[in-house]
Every structure is written in C-alpha cells, then in structure tokens.
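Chains, contacts and geometry: an overview
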Amino acid sequence: RLESSEKMVEASVKQRDESIVNLGTLKKKYDDAVDQEQAILFRVNEAERSKGVLLEALRVANLDLTDLKAEHDGEKKIADDREQEVEELLSRQKSCSEEHEGLVVAEGNTLDELNEIRSQNKEIEDGNSHKREEMHKLRVERDSLLKDRAKARKVRELIDAKTVTADKD
C-alpha cells in the first residue's frame, strides 16, 4: 500500500510539474500575443493617420481634378493600399484577440487542473499520514509482542532449568 501511495504521489508531482511547465508556456504565448497586439494597434493607428492625410490630399486633388488627375490617381492608389493594410491589420488584430481569448481559457483550465492536482496531493498526503500512524502503531504492537515473547522464552528456560535440576535430584 505504501509503495502504491508513493507511486501515486510521484505521478501527481510529475503531473503538477508538467502543468507548471505548461502554464509557463501559456504565459509566454499570452505575453507574446499581447506584445503582437500592441504592435498591430500601433500600426493600425499609424495607418489610420496616414489614411486621414491621404483623404485630405484626395479632397484637395478633387478641387483641381483637371490639373491634378495624374496625382489624384496615384494618391487614390496609395489610399487603397493603406485601406487594405488597415483591413489586414484589423483582421490580424481580430485573430490575436481570438487567440488571446483561447489562451485565457487554456490558462484557466490549466489553473483548474493544477488546483485539482494540489487537492489530490493533499488527499494522498493525508492518506499517507494516516497510514504512517497505523504503521507506527503496528510497530509498537510488534515490539511489545517481541518483548513478551522474549520474556516467555526466559521464563520457559528457567522452568526447563528447574525441571532439569529437579530431575537430577
């Protein structure tokens, strides 16, 4: 029973250690996702500022469409590229947000597992403590029986010695 309990404790400790490693990995992924999201937000803001500048340039270009037609076409192309970049960045931001949500759920699950393992370890430790107490009681009882047996053997030896002496007389 003790070996089985020890194996369960070892397995539980190993599972806890693996959960801690997994938690560290999830934490790093979470931190990386947050960093990436911040970088994307910065780029989105930068692209939106650029978009505002370009839209103003388009408004001015429309005032003098005849003279600035070539410039207008170039600005429109740039504005479209920036718009596409904004859409791509928004799509990436959405993906990062979804990944972040998944990581938060995974972190919660991992923490739940870790708490369950801790609870199991506590139960195992409590069981081991109880078994140690039982083993101690059994040892004390065994030692008492061994002392009683030794006393009985001495008494038997004394009786045998007296019997031999009596038989000689």
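Located above this text is the structure these notes cover.
Residues numbered from 1 in each chain as written. Predicted model: local features only at pLDDT ≥ 70, side-chain atom pairs only at ≥ 80, totals over all residues. Heavy atoms only, no water.

**Here's the deal with the overall build of the protein chain**
- For the protein chain, the count of helices and strands is two helices and zero strands.
- Here the protein chain has a C-alpha radius of gyration of 41 Å; the compact-globule value for 169 residues is 15 Å, and the former is much larger.
- In terms of its C-alpha atoms, the protein chain occupies a principal-axis envelope of roughly 150 × 20 × 15 Å.
- When burial is assessed residue by residue, the protein chain has 15% of its 169 residues classed as buried.
- Pairs at least 24 residues apart make up 81% of the contacts formed inside the protein chain by residues separated by at least 6 positions.
- Put simply, the protein chain shows about 13,100 Å² of open surface, and 53% of that area lies on carbon and sulfur atoms.
- Here the protein chain contributes 32 positive and 42 negative side-chain charges, whose respective centroids are spaced 13 Å apart. (Helix = DSSP H or I, 4+ residues; strand = E, 2+ residues; numbered from the N terminus. Rg over C-alpha atoms; globule rule 2.2 N^0.38 Å. Buried < 20%, exposed > 50% of the residue type's maximum accessible area, 1.4 Å probe, protein only. Contact = heavy atoms within 4.5 Å. Areas by Shrake-Rupley, 256 points an atom, 1.4 Å probe, with all protein chains shown as cover. Lys, Arg positive; Asp, Glu negative; His and termini not counted. Charge placed at Lys NZ, Arg CZ, Asp CG, Glu CD.)

**Observations concerning the side chain of Ser19**
- Structurally, Ser19 can be placed in helix α1 (residues 2-63).
- For Ser19, a relative accessible area of 5% corresponds to the buried category.
- The contact partners of Ser19, leaving out residues within four places of it in the chain, are Thr110, Glu113, Leu114 and Ile117.

**Quick notes on the pattern of salt bridges**
- This structure, assessed with the given rule, holds nine salt bridges.
- For Lys28, the salt bridge goes to Asp32, with nearest N and O atoms at 3.0 Å. Taken as a pair, Lys28 and Asp32 lie in helix α1 at a separation of four residues, close to a single helical turn.
- The exposure class of Lys28 is exposed, given its relative accessible area of 51%. (Salt bridge = Lys/Arg side-chain N within 4 Å of Asp/Glu carboxyl O.)

**A word on the side chain of Asn121**
- When you line up the elements, Asn121 lands in helix α2 (residues 65-168).
- By relative accessible area, Asn121 is classed as buried at 9%.
- The residues contacting Asn121, other than those within four sequence positions of it, are Ser12 and Val13.

**A few points about a positive patch on the surface**
- Residues Arg149, Arg153, Lys154 and Arg156 make up a contiguous surface patch of positive charge.
- Its place among the elements puts Lys154 in helix α2. (Patch = residues over 30% accessible without salt bridge, like charges linked within 9 Å, V, L, I, M, F, W, Y side chains within 5 Å.)

**Details of the environment of Val140**
- Here Val140 is to be found in helix α2.
- In this structure, the C-alpha to C-alpha distance between Val140 and Ala106, residues 34 residues apart in sequence, is 50 Å.

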